[in-house]
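Here's the letter readout for the chains.
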Amino acid sequence: MTVNYHWLDSYHIDGFRYDYVPGYWLENSENGYTKLVRETYLMVKEKRGSSDHWQRFFNNGSINLIQCAEQLQKPVEILKKTFSNCTWQNGTLHAAREAARNPDQLTSLGFLFGLSGYPAEVQNNGDSIIKTAHQYLENHDHSRFICNFGTIDSDNELLKEGDRALWYKVQPYLIGLFTARGIPMLWQGQEFGENYFLHHEGWGRVLLYRPVRWEYFYTHEGRSLVQLVRKLIKLRRNNPQFSRGEHYFYNDLTRYQCRNIMLFSRSFEGVFSLIALNFGDQGQAVSFKFPFSGNYVEELHGLENLMGVTADKEIRLKIPGNYGRIWTVKVE
């Protein structure tokens, strides 16, 4: 607690990412991690109304202190039972990895893109605290996501790498990541196709030097991925339905997932977006009934705009392979 106060008061940081929370979270106890995040929150809360730098935490009546737990064993419980307002979770990463190997697993990924089962808001001692989770496909503990689609053989097993020629297969996962609920996270170099393979155990996992290879940025694969990532960042930043809106997963195995298709929507304050992802190599055309009438603009390229859509009338959506479409309408 003393250390937390020092960082907040002297260095004006925005909050904390707590490492390995299972090591000091005493479940069903008011001590340990539970006590630390509670007292840190209450300490900041007591600064409301002061005229100094502490006022950065108070906007719109909420307390904008970041307390993010790395609690991979029980990420939902850490949000429900403590003052943590966000958490790391490996569920989405694992579901995406399984989907890359077996399209039958798209249903699990669809629900996790919506953080199904995670609380969005929790009441703690009369305070309403917004809750969320990180969403990622890669981090320092796992192989680069592109490795799931194929690896390049090496004489030394420790030097095996993902096949960057298959960069395009990552695209629907990135589109899903940036339009999903939660906080999207890119691991360093992911935006231009870094492709290290990481073994599950052994000294090679932790002792092998793996610097980011910035030269990948200038390759065909790197430029292609960076262009998409920049577009998705801009789209999320300028459209609040992707960062704050409601999420709905259209779970229809026979109509969508069995054809490598995932559909989900985001909506916020009169704006509705349908995200259509195709995880297969072949383009697909699927039927869908939009809930609102109007002109739907395709956000990624503007080449497949849907004009004069009638609500609840079936329409055919064309979704290119290993890619996606995002259609948005402003509801009158």
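Heads up: the structure comes first, above all this text.
Residues numbered from 1 in each chain as written. Predicted model: local features only at pLDDT ≥ 70, side-chain atom pairs only at ≥ 80, totals over all residues. Heavy atoms only, no water.

1. Brief notes about the packing of helix H1 (residues 2–10) against helix H2 (residues 33–45)
Two numbers describe how H1 lies on H2: the axes approach to 10 Å, and their chain directions differ by 35 degrees. In terms of crossing hand, the pair formed by H1 and H2 is right-handed. From H1, Asn4, Tyr5 and Leu8 reach across to H2, where they touch Leu36, Thr40, Met43 and Val44. For the contact of H1 with H2, the residue count by class is five nonpolar, two polar and no charged. (Axes fitted to C-alpha atoms, helices over the stretch in contact; angles between N-to-C directions. Helix = DSSP H or I, 4+ residues; strand = E, 2+ residues; numbered from the N terminus. Left-handed = near helix turned anticlockwise from the far one by under 90°. Contact = heavy atoms within 4.5 Å. Nonpolar A, V, L, I, M, F, W, Y, C, P; charged D, E, K, R; others polar.)

2. Observations concerning the nonpolar core
Counting 36 residues, the largest nonpolar core has Leu109, Tyr173, Leu174, Ile175, Met262 and Leu277 as the members making the most contacts within it. Dropping the residues within four chain positions of it, Leu174 is found in contact with Leu137, Leu186, Gln190, Leu225, Leu228, Val229 and Leu232. (Core = buried A, V, L, I, M, F, W, Y, C linked by side-chain atoms within 4.5 Å. Buried < 20%, exposed > 50% of the residue type's maximum accessible area, 1.4 Å probe, protein only.)

3. Considering the packing of aromatic side chains
Throughout the structure, instances matching the rule amount to 24 aromatic pairs. Taking the centre distance of 5.9 Å and the plane angle of 75 degrees together, the rings of Phe192 and Phe217 count as edge-to-face. With Phe192 in the loop between strand E11 (183–184) and helix H7 (203–207) and Phe217 in the loop between H7 and helix H8 (220–238), this residue pair connects regions lying 25 residues apart in the sequence. On the basis of relative accessible area, Phe192 is assigned to the buried category, the value being 1%. (Phe/Tyr/Trp six-rings, centres within 6.5 Å; stacked < 30°, edge-to-face > 60°.)

4. Examining the environment of Trp88
Structurally, Trp88 can be placed in the loop between strand E5 (86–87) and helix H4 (91–101). When its relative accessible area of 9% is taken as the criterion, Trp88 is described as buried. The spacing of Trp88 and Leu72 is 16 residues in sequence and 6.4 Å in space, taken between C-alpha atoms. Dropping the residues within four chain positions of it, Trp88 is found in contact with Arg17, Cys68, Ala69, Glu70, Gln71, Leu72, Pro75, His134, Tyr136, Asn139, His140 and Met185.

5. Quick look at the sheet that holds strand E8 (residues 132–135)
Strand order across the open sheet formed by five strands is E1-E4-E5-E8-E11, with parallel pairing between neighbours. Every other strand in the sheet has two partners, leaving strand E1 (15–18) and E11 as the edge strands with one partner each. The sheet contact formed by E1 and strand E4 (residues 66–69) spans four bridges and is parallel. Among the inter-strand pairings, Gly15 is bridged to a residue of E4, identified as Ile66. (Pairing = 2+ DSSP bridges.)

6. Considering the pairing of strand E14 (residues 271–278)
Among the eight residues that make up E14, eight are buried, leaving the element largely enclosed by the rest of the structure. Residue alternation in E14 divides its side chains into two sets, Val271, Ser273, Ile275 and Leu277 and Phe272, Leu274, Ala276 and Asn278, and both sets are buried. As paired strands, strand E13 (residues 261–268) and E14 are joined by eight bridges and run antiparallel to one another. Among the inter-strand pairings, Met262 is bridged to a residue of E14, identified as Leu277. The antiparallel hairpin formed by E13 and E14 contains two residues in its connecting segment, where Glu269 sits at a positive phi of about 45 degrees. Bridge analysis of E14 against strand E19 (residues 323–330) gives eight bridges, and the strand direction is antiparallel.

7. Side note on the pattern of salt bridges
Taken as a whole, this structure holds 15 salt bridges when the rule is applied. Among the ionic pairs, Asp19 bridges to Arg17, the shortest N-O distance being 2.6 Å. Residue classification places Asp19 among the partly exposed positions, given a relative accessible area of 47%. Here Glu314 ties to Arg255 by a salt bridge, and the two come within 3.6 Å at their closest N and O atoms. With a gap of 59 residues between them, Glu314 in strand E18 (residues 314–319) and Arg255 in the loop between strand E12 (246–249) and E13 connect regions that are remote in the sequence. (Salt bridge = Lys/Arg side-chain N within 4 Å of Asp/Glu carboxyl O.)

This is a description of form; function is not addressed.
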